[in-house]
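Residues per chain are reported as follows:
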Amino acid sequence: MMKRYEIIGIILTLLGATLWGVSGTSVQFVGNFRNMNLEWLLTMRLITAGLLTVLYGWIRQGNTIFNVFRNWRDTLGLVIFGVFGMALCQYTYFRSIVIAGAGIATVLQYLAPSMIIIYLLMRYGKRPSTGEIISVILALVGTICLMGNNGFSFESFRSDVLFWGLLSAVGVAVYSVSPVRLLATYGTIPIVGFGMLLSGLVAAALFQQPHSYATSWDVWTVVGCFNVVFLGTIVSFNAYLEGVKRIGAVSGSILSSIEPISAAFFGWALLGNQFNWVGILGMAMIIATVIIIALEKRGQSS
């Protein structure tokens, strides 16, 4: 029988992944229907979530959360993680959402595991397992199907969707690989909190757009921003991490596959995003890659 502790973990993991999907749909809404500046939204999200996470970490851990800044190499690694992992991942994700919709953008981001497999092969000569080879093939075919959601004619092909979507997956890959040692040394909350805060400050300096005057502000715009900054970042992140702590990373990664399904569903139900059978098949193939890799790792660890 499954323990109550594990059941709560499953619920929290599903909640976190679902809220990520809600956040993606909200980005599409405020970007396409309220003309919100994405650079401003990204900056606000990173700085707000970063400040609150750092404050939470300081309350729990005290001044030890600043230990990462005592080593300049670790500080540099933190900046690389924040700017080229977290900020790059989120900005390109926002861009692909506005162009292609929350569902397609979220699924393209799920190409990251396949990119990590290819990176490890090219950089370290690490031969992929059978499940990883199948996942890479499925990811490639799934991407082709996804890009054919509106037909396979040259006129319907959107190169910008592929560009921003693949760049988003690269950001996720960097986000997943680069901070491994830092997380093991300093813990999750300080690295993620300072990573978000530093990347938000860099975004503010680069974009220099403190406000979007063209935005149509109403109650739904506020709800959309609340979903992106609070529910889709702070609540979702903490719920997912607590869930993974209870059920394990492998089970968590499998359950996280509900995120693109959530984004596609809410995008269809609330914003009118359309998908044909080819696009749905592509989504299923890319989501399957995460499940295959996770199940294979579970088999290796058992």
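Residues numbered from 1 in each chain as written. Predicted model: local features only at pLDDT ≥ 70, side-chain atom pairs only at ≥ 80, totals over all residues. Heavy atoms only, no water.

Once that is clear, we can look at the overall build of the protein. Across its full length, the protein holds 13 helices and zero strands. Reading the helices (α) and strands (β) of the protein from amino to carboxyl end gives α-α-α-α-α-α-α-α-α-α-α-α-α. Whereas a compact globule of 302 residues would reach a radius of gyration of roughly 19 Å, the protein reaches 19 Å, a difference of no more than 12%. Judged by the C-alpha coordinates and their principal axes, the protein covers about 55 × 55 × 45 Å. Looking at the protein as a whole, 47% of its 302 residues qualify as buried. Just so you have it, the protein exposes about 15,000 Å², and 69% of that area is on carbon and sulfur atoms. Across the protein, the mean location of the 17 positive side-chain charges is 10 Å away from that of the 10 negative side-chain charges. (Helix = DSSP H or I, 4+ residues; strand = E, 2+ residues; numbered from the N terminus. Rg over C-alpha atoms; globule rule 2.2 N^0.38 Å. Buried < 20%, exposed > 50% of the residue type's maximum accessible area, 1.4 Å probe, protein only. Areas by Shrake-Rupley, 256 points an atom, 1.4 Å probe, with all protein chains shown as cover. Lys, Arg positive; Asp, Glu negative; His and termini not counted. Charge placed at Lys NZ, Arg CZ, Asp CG, Glu CD.)

For the rest of this paragraph, the subject is the layout of surface pockets. Here the largest pocket is characterised by a volume of approximately 1,800 Å³. Forming the boundary of the largest pocket are 49 residues, of which Trp-20, Val-172, Tyr-175, Ser-176 and Tyr-240 lie nearest the centre. Here the element with the most residues in the lining of the largest pocket is helix H10 (residues 219-247); it accounts for seven residues. Among the residues forming the lining of the largest pocket, the class breakdown is 30 nonpolar, 12 polar and seven charged. (1 Å grid on protein atoms, 1.4 Å probe; cavity = no way out; pocket = protein on both sides within 12 Å on 5 of 7 lines; lining within 4 Å. Points joined across faces, edges and corners; volume = space filled by probe spheres on them. Nonpolar A, V, L, I, M, F, W, Y, C, P; charged D, E, K, R; others polar.)

The subject of this paragraph is the environment of Leu-271. Its place among the elements puts Leu-271 in helix H12 (residues 258-271). Counting along the chain gives 19 residues from Leu-271 to Gly-252, while the straight-line C-alpha distance between them is 28 Å. Apart from the residues within four sequence positions on either side, Leu-271 is in contact with Thr-25, Gln-28, Phe-29, Phe-33 and Phe-266. (Contact = heavy atoms within 4.5 Å.)

Below, the discussion takes up the pattern of salt bridges. For the structure shown, the criterion picks out three salt bridges. In this structure, Arg-34 and Asp-218 form a salt bridge, with 2.9 Å as the shortest nitrogen-oxygen distance. With Arg-34 in the loop between helix H1 (4-32) and helix H2 (38-61) and Asp-218 in the loop between helix H9 (188-207) and H10, this pair connects stretches of sequence that are 184 residues apart. (Salt bridge = Lys/Arg side-chain N within 4 Å of Asp/Glu carboxyl O.)

Another point: unusual backbone geometry. In this structure, Asn-35 takes a positive phi of about 55° despite not being glycine. Structurally, Asn-35 can be placed in the loop between H1 and H2.

Interhelical geometry of H1 versus H12 gives an angle of 40° and a closest axis separation of 8 Å. Here H12 runs oblique to H1, going by the angle between their axes. Classified by chirality, the crossing of H12 by H1 is right-handed. Residue-level contacts link Leu-14, Ala-17, Thr-18, Trp-20, Gly-21, Val-22, Thr-25, Gln-28 and Phe-29 of H1 to Ile-258, Glu-259, Ser-262, Ala-263, Phe-266, Gly-267 and Leu-271 of H12. Taken together, the residues of the contact of H1 with H12 sort by class into nine nonpolar, six polar and one charged. (Axes fitted to C-alpha atoms, helices over the stretch in contact; angles between N-to-C directions. Parallel < 35°, antiparallel > 145°, perpendicular 65-115°, else oblique. Left-handed = near helix turned anticlockwise from the far one by under 90°.)

What follows deals with the confidence of the model for the protein. Of the residues in the protein, 92% reach a pLDDT of 70 or more, and the chain-wide mean stands at 83. Mean pLDDT in the protein bottoms out at helix H11 (residues 249-255), which sits at 71, and peaks at H2, which reaches 90. (pLDDT = per-residue confidence, 0-100.)

Take Thr-289: it is sitting in helix H13 (residues 277-301). Residue classification places Thr-289 among the buried residues on the basis of a relative accessible area of 0%.

This brings us to the state of the cysteines. Here the structure, examined in full by the defined rule, presents zero disulfides. Cys-89 provides the cysteine sulfur closest to Cys-225, a residue in no disulfide bond, and the two sulfurs are 19 Å apart. Under the relative-accessibility criterion, Cys-225 is labelled buried at 8%. (Disulfide = S-S within 2.5 Å.)

Attention now goes to the packing of H2 against H10. Relative to each other, H2 and H10 sit at 40°, their axes nearing to 10 Å. It follows from the interaxial angle that H2 and H10 lie oblique. Classified by chirality, the crossing of H10 by H2 is right-handed. Contacts between H2 and H10 involve Leu-41, Met-44, Arg-45, Thr-48, Ala-49 and Leu-52 from the first element and Cys-225, Val-228, Val-229, Gly-232, Thr-233 and Ile-234 from the second.

Further remarks concern the nonpolar core. Counting 33 residues, the largest nonpolar core has Val-27, Leu-41, Leu-78, Phe-94 and Ile-191 as its most contacted members. If you list the elements that add at least two residues to this core, you get H1, H2, helix H3 (72-100), helix H8 (180-186), H9 and H10. No other element matches H3, which puts eight residues into this core. Setting aside residues no more than four positions away along its own chain, Val-27 makes contact with Leu-38, Leu-41, Phe-94, Ile-97 and Val-228. Residues Leu-108, Leu-146, Val-161 and Ile-286 belong to the second largest nonpolar core, which totals 16 residues. (Core = buried A, V, L, I, M, F, W, Y, C linked by side-chain atoms within 4.5 Å.)

Moving on to the side chain of Thr-233. Inspection of the secondary structure puts Thr-233 in helix H10. With residues up to four places along the chain from it excluded, the contact list for Thr-233 reads Arg-45, Ala-49, Met-196 and Val-228.

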